[in-house]
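These are the residues of each chain, in order.
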Amino acid sequence: MTAEVAADPQSKQFKRRAKKPMDLQTRRDRRLSINLALPSILLLSLAQVYPMIQGMIYSFQKGKTAKPSQGWVGLNNYSAVLADPSFWAAVRFSGIFALGGVTISYGLGLVFALLLIKDIPGRSFLRVGFIIPWVVPPIVGMTAWRWMMQDESGAVNQVLAWFGADPIYFFNDPTWTVVATIIVKAWRSFPFMLISLMATLQSLDGVLYEAASIDGANRWQQFWHITFPQILPMSAILWVLMTIWSVNDYETPYLLTNNSENARSLMIFSFDEAIHRNLGTGSASAVLTLLILAVLAYFMLKLQKKASDQ
Amino acid sequence: MNSHRGKRASAWALSITMFVVMLLINIPLILTAVNSFRPTSDILGGSTLMPDTVTLENYTAVLQRSDFPLWFRNSIVIALITTMITLVAAGFAGYSLSRYRTKVNAAYSSALMAFQLFPIVLSVIALFVTFRFLGLMNTPVPAAMLYVVMSLPFCTWMFKGFFDSIPRELEEAARVDGASSFRAMVSIVFPLAGPGAAAVAIYTFLLAYNEFMVASAFLQRPDSRTIPLGLRSFIQYDATAWGPMLAASTLASLPPLILFVLVQKWMIQGMAAGAVKG
């Protein structure tokens, strides 16, 4: 029986992460470790690796969903997509949507996290209450918001009327449509920020605060000089992660605006193009989206490495 | 003594403020639930927090004159299939990542991270062609398969976190007693991961129950619709049927809310650990 060492001494990552690496004493254990991952690997290959490769192939071919692969066309699909104003409108929308959604949801998540880590009565009840927008089905949240925003009798305009403001027709005006999708996106995603930031805040060291309050630092100074630097690595990860999820979001703009042409994200554009019009250009658009996301993911992984090095 | 009382008072003040903020945050859902008990004609006149006429007619319309029960059944079937497959696949893989630090596992772990960021639309496009060719459209297969891979990365990490907190000595003891590694895992470690498994199960169930885009691609026949698709067909065919729509929304939200409240403690911990640390 050959003695094998589980933790590869060359792998710094494992050295750092492993609390107590267990040696693989037998070949059988190594085989077991691979066999245990096999069902997942098989599923991921079938439902993600295979379609990704197939999608890339489609992006270089002429075709429709009913009749795919009607011959190679080189880069034609890509040049067609890049020349299509709708594609650039989708890029622009996805960019603004992600930026706005991430900023607002992070701001809300952070403020609520700072308030909810305090030892106040009913804290766990409040915590659950703040997460509800993330738990209900998106169709329910989107329908409710659409109903509240759609015309002058909607709740939002009723409130505006109390303040003497003119009604806003959110879904008739291109700018307000985008604003509406951002507000609703932030509403749906701040709970995730809240949970993650609360976990980070709870792991922080209290000693620094005591020292700071002895030194006479006020709350804002404490936050800015002590808390924020400590949650910055996690925050950076959350920003990138949420940006990626926003670019990947199909449901929020589609369901809220009822597929308005003023709120077509890259996902909606790629999906509609591929399924209903042209499989080649639709796939090309999806591959381009993948490239954009890959750049973001690269930064995300770097940030994660940096955070776990600390 | 005085400052102690002042501290308590300000804690209560903050608590009450946060309670009000919480209600404001959830106002879209509160308005949905309250107005679902009003006749559509009243709703069209504007939403309200205090209904003038209370009626159950919207609920009878949804439950007796729409396909809501069928959509509900379809959603539950797909969500259960997804949950069972994910529990097994993510449980095994999470255990492997927790206990064995091999090169394969290192590569697999980074691949999982990448998959979490993968645009699902690319999968949907190519699989749309494949499943149409295989004649599996409008069956639970395509949706369940995609939901499994959508939830796998996150659930694997959640499982890994829970297994990490279970001491290895337990399995080592069992193995000294002659049990195989696999048996030690199934009979000793898995039962201890029960609360973790519950959190994973409910996370996956909610993902499958709530999802819209994949479902809209693969479940196009009216009798194969899940709840999100069914609710959308409501507004599509009659944009003014707000009463039944709000009642259906309220009913559709109940299972996720109940499940979430049941396991919220475990899920919040698992999410915080799994989502970002990888």
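Further up the page is the structure itself.
The structure reproduced in this document is the subject of the present report. (Residues numbered from 1 in each chain as written. Chains lettered and ligands numbered in written order. Predicted model: local features only at pLDDT ≥ 70, side-chain atom pairs only at ≥ 80, totals over all residues. Heavy atoms only, no water.)

1. With respect to the overall build of chain A
- Assigned secondary structure in chain A consists of 13 helices and zero strands.
- Counting from the amino terminus, chain A carries its helices and strands in the arrangement α-α-α-α-α-α-α-α-α-α-α-α-α.
- Taking 2.2 N^0.38 as the reference for a compact globule, 310 residues should give roughly 19 Å; the C-alpha atoms of chain A span a radius of gyration of 24 Å, well beyond that estimate.
- Here the C-alpha coordinates of chain A stretch approximately 65 × 55 × 30 Å along the principal axes. (Helix = DSSP H or I, 4+ residues; strand = E, 2+ residues; numbered from the N terminus. Rg over C-alpha atoms; globule rule 2.2 N^0.38 Å.)

2. Focus on the interface of chain B and chain A
- With 102 residues of chain B in contact, the opposing surface of chain A contributes 104 residues.
- In total, chain B and chain A occlude about 9,000 Å² of area from one another, counting both sides; carbon and sulfur atoms represent 76% of this.
- Joining chain B to chain A, the criterion identifies zero salt bridges.
- The interface formed by chain B and chain A holds ten residue pairs in polar contact (both at pLDDT 80 or more) in total.
- In terms of residue count, helix H14 (residues 242-277) of chain B provides more of the side of chain B that touches chain A than any other element does, 18 residues in total.
- Of the residues that constitute the side of chain B that touches chain A, the class distribution is 69 nonpolar, 21 polar and twelve charged. (Contact = heavy atoms within 4.5 Å. Buried area = accessible area lost by both parts, 1.4 Å probe. Salt bridge = Lys/Arg side-chain N within 4 Å of Asp/Glu carboxyl O. Polar contact = N/O pair within 3.5 Å; in protein donor to acceptor, adjacent residues only side chain to side chain. Nonpolar A, V, L, I, M, F, W, Y, C, P; charged D, E, K, R; others polar.)

3. Some words on a nonpolar patch on the surface
- A contiguous nonpolar surface patch, about 690 Å² in accessible area, is contributed by Phe125 of chain A together with Trp12, Ile16, Phe19, Val20, Leu23 and Leu24 of chain B.
- For the nonpolar patch, the leading source of residues is helix H1 (residues 2-25) of chain B, giving six residues.
- Checked against the element boundaries, Trp12 of chain B lands in helix H1.
- Accessibility expressed as a relative area gives 42% for Trp12 of chain B, which makes it partly exposed. (Patch = residues over 30% accessible without salt bridge, like charges linked within 9 Å, V, L, I, M, F, W, Y side chains within 5 Å. Areas by Shrake-Rupley, 256 points an atom, 1.4 Å probe, with all protein chains shown as cover. Buried < 20%, exposed > 50% of the residue type's maximum accessible area, 1.4 Å probe, protein only.)

4. Regarding the packing of aromatic side chains
- All chains considered together, the criterion is met by 34 aromatic pairs over all chains.
- Ring plane angle 20 degrees and centroid distance 5.0 Å describe the contact between Tyr250 of chain A and Tyr254 of chain A, whose orientation is recorded as stacked.
- Here Phe128 of chain B and Phe218 of chain B contribute two aromatic rings whose centre-to-centre distance is 6.2 Å and whose plane-to-plane angle is 40 degrees, an arrangement assigned as tilted. Placement of the pair is Phe128 of chain B in helix H7 (residues 120-134) and Phe218 of chain B in helix H12 (residues 213-218), with a sequence separation of 90 residues. Both residues of the pair, Phe128 of chain B and Phe218 of chain B, belong to the buried class.
- Put simply, the rings of Phe92, Tyr95, Phe159, Phe163, Phe182 and Phe190 of chain B pair up and form one aromatic cluster.
- The ring of Phe171 of chain A has Arg146 of chain A lying over it, and the distance from NZ or CZ to the ring centre is 5.0 Å. (Phe/Tyr/Trp six-rings, centres within 6.5 Å; stacked < 30°, edge-to-face > 60°. Lys NZ or Arg CZ within 6 Å of the ring centre and 35° of its normal.)

5. Some words on H7 of chain B
Residue and element names in this part refer to chain B.
- For H7, with 15 residues, the first-to-last C-alpha span of 20 Å sits near the 21 Å given by 1.5 Å per residue.
- At Leu127, H7 is bent by approximately 30 degrees, the largest bend along its length.
- Among the 15 residues in H7, twelve count as buried, and that is most of the element.
- Among all positions in H7, only Ile120, Val121, Leu122, Ser123, Val124, Ile125, Ala126, Leu127, Phe128, Val129, Thr130 and Phe131 are buried. (Expected span 1.5 Å × (residues − 1). Bend = angle between axes of the 7 residues up to and from the residue.)

6. Let's talk about the environment of Phe218 of chain B
Residues and elements named next belong to chain B.
- Classification of Phe218 by relative accessible area gives buried; the value is 0%.
- Each C-alpha atom of the pair Phe218 and Ala143 lies 6.7 Å from the other, and the pair is 75 residues apart in sequence.
- If we ignore the near neighbours within four places in the chain, the residues touching Phe218 are Val124, Leu127, Phe128, Phe131, Met137, Asn138, Pro142 and Leu146.

7. Quick notes on helix H8 (residues 174-202) of chain A
Residues and elements named next belong to chain A.
- Here H8 contains 29 residues, and its C-alpha end-to-end distance of 42 Å stays within 8% of the 42 Å for a straight helix at 1.5 Å per residue.
- Ser189 marks the point of greatest bend in H8, at about 40 degrees, and the proline Pro191 comes within the next four residues.
- In terms of burial, H8 is a largely internal element, 22 of the 29 residues being buried.
- Structurally, the start of H8 carries an N-cap: the backbone nitrogen of Thr175 is 3.0 Å from a side-chain oxygen of Asp173.

8. What about the pattern of salt bridges?
- Within this structure, the stated rule accounts for seven salt bridges over all chains.
- With a closest N to O distance of 3.0 Å, Asp249 of chain A and Lys185 of chain A form a salt bridge. Taken together, the residues Asp249 of chain A in the loop between helix H10 (219-247) and helix H11 (251-257) and Lys185 of chain A in helix H8 connect sequence positions 64 residues apart. The residues Asp249 of chain A and Lys185 of chain A share a single accessibility class, namely buried.
- Between Arg38 of chain B and Asp52 of chain B there is a salt bridge; the shortest N-O distance is 3.5 Å. With Arg38 of chain B in the loop between helix H2 (27-35) and helix H3 (40-44) and Asp52 of chain B in the loop between H3 and helix H4 (57-65), the pair connects residues that are 14 residues apart, well separated along the chain.

Structural measurements only, silent on function.
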